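Fold and geometry: a report
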2 protein chains.
Amino acid sequence: MFVELDGDAPLVVQITRSLRAAIVSGTLRPGAALPATRTLAAELGVSRNTVVTAYEQLCAEQLAVAEVGRGTFVAAAVTPSSPQRTEGPAPAPAPLHEVSRYAARLRALPAPVLRGPQPQLRYDMRYGEPLVDPLLMSSWRRALGQAAMNCRENYPPCIGEAALRRAIAEYILRRRGVLCDADDVVIVSGTHQAICLLARILLDEGDRVAVENPGYEASVQALQAGGARLVDVPFDAHGLEVSALPRTGVRMILVTPSHQFPTGAVMSLERRRALLEHADATGSWVIEDDYDGEFRYDGTPLPALRALEAGERRVSYVGTFSKVLFPGLRLGYVVCPRALRDDLVAAKRLDDRGCSSVDQLALAQLMESGAFDRHLRRAAVELRRRRASLLDGLRRHAGGHVVVLDSCAGMHVVGWLPAWPADRVRSLVHLAAERGLGLHSIAPHYRRATPAQGLLFGYATLSVKQLGAATALLGACLRDASRSRAIAPPLAVIDDEDAMA
Amino acid sequence: MFVELDGDAPLVVQITRSLRAAIVSGTLRPGAALPATRTLAAELGVSRNTVVTAYEQLCAEQLAVAEVGRGTFVAAAVTPSSPQRTEGPAPAPAPLHEVSRYAARLRALPAPVLRGPQPQLRYDMRYGEPLVDPLLMSSWRRALGQAAMNCRENYPPCIGEAALRRAIAEYILRRRGVLCDADDVVIVSGTHQAICLLARILLDEGDRVAVENPGYEASVQALQAGGARLVDVPFDAHGLEVSALPRTGVRMILVTPSHQFPTGAVMSLERRRALLEHADATGSWVIEDDYDGEFRYDGTPLPALRALEAGERRVSYVGTFSKVLFPGLRLGYVVCPRALRDDLVAAKRLDDRGCSSVDQLALAQLMESGAFDRHLRRAAVELRRRRASLLDGLRRHAGGHVVVLDSCAGMHVVGWLPAWPADRVRSLVHLAAERGLGLHSIAPHYRRATPAQGLLFGYATLSVKQLGAATALLGACLRDASRSRAIAPPLAVIDDEDAMA
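These numbers come from a predicted model, not from an experiment.

**Overview of the pairing of strand β16 (residues 454-458) of chain B**
Residue and element names in this part refer to chain B. For β16, the tally of buried residues reaches 5 of 5 residues, placing the bulk of the element in the interior. In β16, alternate side chains face the same way, and those of Gly454, Leu456 and Gly458 on one face and Leu455 and Phe457 on the other are all buried. Relative to β16, strand β14 (residues 412-416) runs antiparallel, the two sharing 5 bridges. Within β16, the position partnered with Val414 by the bridge is Leu456.

Here is the structure:
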């Protein structure tokens, strides 16, 4: 039989490919009848519809002709405009053009550090996912239902739905001290898009951008892919060392002042002011990524950079709902200097014409109804409890090894391991994974050599009890890993995160 | 009183700005008490909360200090790290750096041709919005509700939700003859994003792209903003004239073979094959924008370019749900050659980490349940009726002036005006707008001189009856505009679309 199923691709693709080859090679000659669809389906053990679809495809390619009431036949002659069909298999395609420099840079980027859930782990202390709140989810479903009823059927405004921009302007004024008009708020699909769009309107290939090291990998990668040259700036417990910023040639400065990622440092007000003065004096643009500034555990938060006076001229404030709601909702926002607003909206328009209306309207509804604020309050209480449980567990079980410089904000803390060399930390991560505990080294967040070893402890997705158990297990792993003289596992699995795959 | 409301910005911004100026200038001296919030609120006629927020902002900026039970006071001393605060108004900011070349190109682009709805028009024959179908909307709301129940709380896969990719693979095989695996389908936020991402991974600044002229403005603008040099390729009733394509130096060819936008030409199978041969021989990439290929009114559609054998190597097939469902849903898809798939997904990951989960799952549900197919059948029947009414009306009322070369697909037809010079068409559009009829010249869709004058008639959003009345009104306008010796309106309002603002 000329139809052979090679198992590679859906059935209909296999059947079409096989018949096409038979026709082109002459095995099935012009005018020959193809088997009845029922017969072939029975022979191959597939549904008749599958065979019908394959035949239709061959007819569409003019390799076969369907005659009503008679069946399907191999076409009498193959059209002369396609000579390769009559001369056996198609010639090898011309060598592919290279992809763009952008794609080449994409290919050169390291694999993402923050991975998806790993179900084999009992306790995964990874960072990146927010608290799951069933009350929030049910409010969200209600809001979505209502939004679907009121949803416009035509294109959303590129800048974002007015109701959502109003709700966000009110929210960031209240929570982050950022004074702005709803017209200054541009809705985007999340932090990634905010940074990509800003980079696109502000940077040319080869331009220099000052970034924190260690820093948030995804933002940095977006800049690298765009062709920016990165300038690593040191920071200490008070945030970015502004005096270390180059005085010339830096067009953009990307910072996480509310809660430095990943170390947790909070930038002091003095440094914030110095940074804005630097930006004013050098004419550079500041991107303030406020990815989880909503959660603080020590009284008054510092005002956002954008909330300071010079911020209005220099700072693009980037907020996201991934961390306060859930990351499946692809919505974030940018409040940028007036001088950049129209460029940002134009870039958004060309990129995707605006975000999904229904998601935007549902979020606006959630914010207007107060359900969002209630969630933030509940989440803050619960995160505070979990954080206390984590810190207590670390003190009790890991005190001899782990030094926590607490940052009082966000959804993770860093536990430094001052006495541990890099290969020993890798062994620890490996050992913990074997015992069902997901540990995450800070090392991959550094772009160059890691000056200090440490672990990132995300605590948003584990309960108080789980955090107790997880830290106890951590204590045992620390003990065993520090005692054993075990050689680090072979190179292929050493690499921090890979060790847990 | 030192608080002056200048009316420029929200009340709280005005109050904060005014107080800040008074503190910085010394009008309010260190240690001075700010008025009680109630008093100031009453004086200004604003809510007390507004004043409280302004005071909080000043405290956050460390210009004021709140003392529990006593009130709010001007800070004793302004921090020395911010010298400009004590020395009167801030210095003028350094001259802003130029924006990127990308932003400069964005600014140079012409304003969008396709505008939003213009409520003052009784009949707007603009193109771009789909049929409104109440049955579809209610299925959509049900699907959304269900999706919200099942929605994942973590990040969606960058390539798109598996259920949606499966549903699309099945759909494009059945309707467009495109054979592919669900893993070849990449979910994007619509045609705009598809073209931007493909351009980013395939083109460097200055690379040449062959495009149709006239063509779909938004896609072309996305390419221009990215820095591509456009090569206009002529086409006739059989589609792109492949023989006119340059043999070297073109990396990408952007085409709308199913239904050329805006002329409606359908590319013949012979030309499709020739195009693929050309792409193979020259190593160029083809983007097939199948923006409304779903609706055809004359029997068998031709297979998509991607459905032809060489298509798998060379063609990125771009589909959208804006035209078959509604444009507020920002979802589309790309089926690209295997060689490009991972680059495309990586670019999507960096750009926005994937599309909204709930929208994707709701659409998958709509497709799986059969509601989507039922909508397509209903829409095809209704569009066929509307199209017939439009063509009939044009024959009866505009026969002497308008020549329709019908294309049997999509949601619009072009009526050519062979005897009308450009300025006369502008007067016609102007006159029609005054009488409540929205007409849309084809001229702005040409990038260079317009070889022939014509009007785009969108018929998806007008009922059979409305189309009858609209064409009758068109007939009257044609008569009057062709009779009158009216001078074209002044330049500021001549420009086709502006005439209707």
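**Focus on the interface of chain B and chain A**
Contacts between the two partners involve 103 residues from chain B, matched on the other side by 104 residues from chain A. Regarding the contact of chain B and chain A, the summed buried area is about 9,200 Å², with carbon and sulfur atoms giving 54% of it. Taken together, chain B and chain A are joined by 6 salt bridges. Our count for the chain B to chain A interface comes out at 18 residue pairs in polar contact (both at pLDDT 80 or more). Broken down by element, the side of chain B that touches chain A gets its largest block of residues, 9 residues, from helix α11 (residues 338-352) of chain B. Of the residues assigned to the side of chain B that touches chain A, the class counts are 50 nonpolar, 24 polar and 29 charged.

**As for the relation of the copies chain B and chain A**
After a rotation of 180° and a shift along the axis of 0.0 Å, chain B superposes on chain A with an RMSD of 0.1 Å. The superposition of one copy onto the other is thereby described by a two-fold rotation axis. Closest to the rotation axis within chain B is the C-alpha of B:Gly145, separated from it by 3.0 Å. Interface overlap between copies is the fraction of interface residues in one copy that are interface residues in the other; for chain B against chain A it reaches 100%, indicating a shared surface.

**Brief notes about the domain arrangement of chain A**
Residues and elements named next belong to chain A. For chain A, the assigned domains read domain 1 (11-108), domain 2 (123-131 + 377-500) and domain 3 (134-372). Counting from both sides, the interface comprises 26 residues of domain 2 and, opposite them, 29 residues of domain 3. Together domain 2 and domain 3 conceal approximately 2,400 Å² of surface at their shared face, both sides included; 57% is due to carbon and sulfur atoms. Its largest share of buried area at the contact with domain 3, domain 2 owes to Tyr127, His445 and Arg447, together 25% of the area lost on that side. Inspection of the domain 2/domain 3 interface yields 8 residue pairs in polar contact (both at pLDDT 80 or more). Listing elements by their share of the side of domain 2 that touches domain 3, those giving two or more residues are α13 (371-398) and β14 (412-416). For the side of domain 2 that touches domain 3, the element with the highest residue contribution is α13, accounting for 6 residues.

**Notes on the packing of aromatic side chains**
All names here are of chain A. All chains considered together, the criterion is met by 14 aromatic pairs over all chains. Here the aromatic rings of Tyr216 and Phe261 are separated by 5.4 Å at their centres, their planes lie at 85°, and the arrangement is edge-to-face. Of this pair, Tyr216 sits in the loop between β5 (208-212) and α8 (217-225) while Phe261 sits in the loop between β9 (250-255) and α9 (269-282), and the two are 45 residues apart along the sequence. With a relative accessible area of 17%, Tyr216 lands in the buried category. On the basis of relative accessible area, Phe261 is assigned to the buried category, the value being 1%. Ring centres of Phe321 and Tyr333 lie 5.5 Å apart, and the angle between their planes is 55°; this geometry places the pair in the tilted category. Here Phe321 is found in the loop between β11 (315-320) and β12 (332-335), whereas its partner Tyr333 is found in strand β12, with 12 residues between them in sequence. Overall, the relative accessible area of 1% leaves Phe321 in the buried class. Here the aromatic residues Tyr171, Tyr317, Phe321, Tyr333 and Phe372 are joined through ring pairs into a cluster of three or more. Between Arg314 and the ring centre of Trp285, over which it is positioned, the NZ or CZ distance is 5.0 Å.

**A look at the pairing of β12(A)**
Residues and elements named next belong to chain A. By the alternation rule, side chains of β12 split into Gly332 and Val334 and Tyr333 and Val335, which are all buried. As paired strands, strand β4 (residues 185-188) and β12 are joined by 4 bridges and run antiparallel to one another. Within β12, the position partnered with Val186 by the bridge is Val334. Strand direction decides the pairing type here: β11 and β12, joined by 4 bridges, are antiparallel. Looking across to β12, one finds that Tyr317 is bridged to Val335.

**Observations regarding the state of the cysteines**
Scanning all chains against the criterion turns up 0 disulfides over all chains. Take B:Cys196: it sits in no disulfide, and the sulfur closest to it among the cysteines is that of A:Cys196, at 12 Å.

**Considering the environment of A:Asp290**
Residue and element names in this part refer to chain A. Residue placement: Asp290 occurs in the loop between β10 (285-289) and α10 (311-314). For Asp290, a relative accessible area of 1% puts it in the buried group. In contact with Asp290, other than residues within four places in its own chain, are Arg176, Ser258, Tyr317, Val318 and Gly319.

**Quick look at the nonpolar core**
Formed by 150 residues in total, the largest nonpolar core has its most connected members in A:Phe321 and B:Phe321. In contact with A:Phe321, not counting residues within four places along its chain, are A:Ile168, A:Phe326, A:Leu329, A:Leu331, A:Gly332, A:Tyr333, A:Leu363, A:Met367 and A:Phe372.

**Quick word on the side chain of A:Asp352**
Locating A:Asp352 in the fold gives a position in helix α11 (residues 338-352). Once residues within four sequence positions are removed from consideration, A:Asp352 is found in contact with A:Ser189, A:Gln193, B:Ser189, B:His192, B:Gln193 and B:Arg330.

**Let's talk about the pattern of salt bridges**
The final tally for this structure, using the stated rule, is 52 salt bridges over all chains. With a shortest N-O distance of 2.9 Å, A:Glu205 and A:Arg105 are connected by a salt bridge. One end of the pair, A:Glu205, is in the loop between α7 (191-202) and β5; the other, A:Arg105, is in helix α4 (residues 101-108), with 100 residues separating them in the sequence. Taking relative accessible area as the criterion, A:Arg105 reaches 22% and is therefore assigned partly exposed. Salt-bridge contacts for B:Asp280 lead to B:Arg313; the nearest nitrogen and oxygen are separated by 2.5 Å. With B:Asp280 in helix α9 (residues 269-282) and B:Arg313 in helix α10 (residues 311-314), this residue pair connects regions lying 33 residues apart in the sequence. Taken together, the shared-partner salt bridges in this structure form one network comprising A:Arg101, A:Arg105, A:Glu205, B:Asp204, B:Asp207 and B:Arg251.

**Side note on the environment of A:Ile187**
All names here are of chain A. Here Ile187 shows up in strand β4. Under the relative-accessibility criterion, Ile187 is labelled buried at 0%. Each C-alpha atom of the pair Ile187 and Ala162 lies 9.7 Å from the other, and the pair is 25 residues apart in sequence.

**What to know about unusual backbone geometry**
Residues and elements named next belong to chain A. Here Asn213 and Pro214 are connected by a cis peptide whose omega angle stands at 5°. Here Pro214 shows up in the loop between β5 and α8. Omega for the bond connecting Phe261 with Pro262 falls within 30 degrees of zero, at 0°, which places this linkage in the cis form. Relative to the elements of secondary structure, Pro262 occurs in the loop between β9 and α9. Here Arg353, not a glycine, exhibits a phi torsion of approximately 65°, which is positive. Looking at where Arg353 falls in the secondary structure, it is placed in the loop between α11 and α12 (357-368).

Conventions and cut-offs
Residues numbered from 1 in each chain as written. Chains lettered and ligands numbered in written order. Predicted model: local features only at pLDDT ≥ 70, side-chain atom pairs only at ≥ 80, totals over all residues. Heavy atoms only, no water. Buried < 20%, exposed > 50% of the residue type's maximum accessible area, 1.4 Å probe, protein only. Helix = DSSP H or I, 4+ residues; strand = E, 2+ residues; numbered from the N terminus. Pairing = 2+ DSSP bridges. Contact = heavy atoms within 4.5 Å. Buried area = accessible area lost by both parts, 1.4 Å probe. Salt bridge = Lys/Arg side-chain N within 4 Å of Asp/Glu carboxyl O. Polar contact = N/O pair within 3.5 Å; in protein donor to acceptor, adjacent residues only side chain to side chain. Nonpolar A, V, L, I, M, F, W, Y, C, P; charged D, E, K, R; others polar. Least-squares fit on C-alpha atoms with pLDDT ≥ 70 in both. Domains from an automatic or database assignment. Phe/Tyr/Trp six-rings, centres within 6.5 Å; stacked < 30°, edge-to-face > 60°. Lys NZ or Arg CZ within 6 Å of the ring centre and 35° of its normal. Disulfide = S-S within 2.5 Å. Core = buried A, V, L, I, M, F, W, Y, C linked by side-chain atoms within 4.5 Å.

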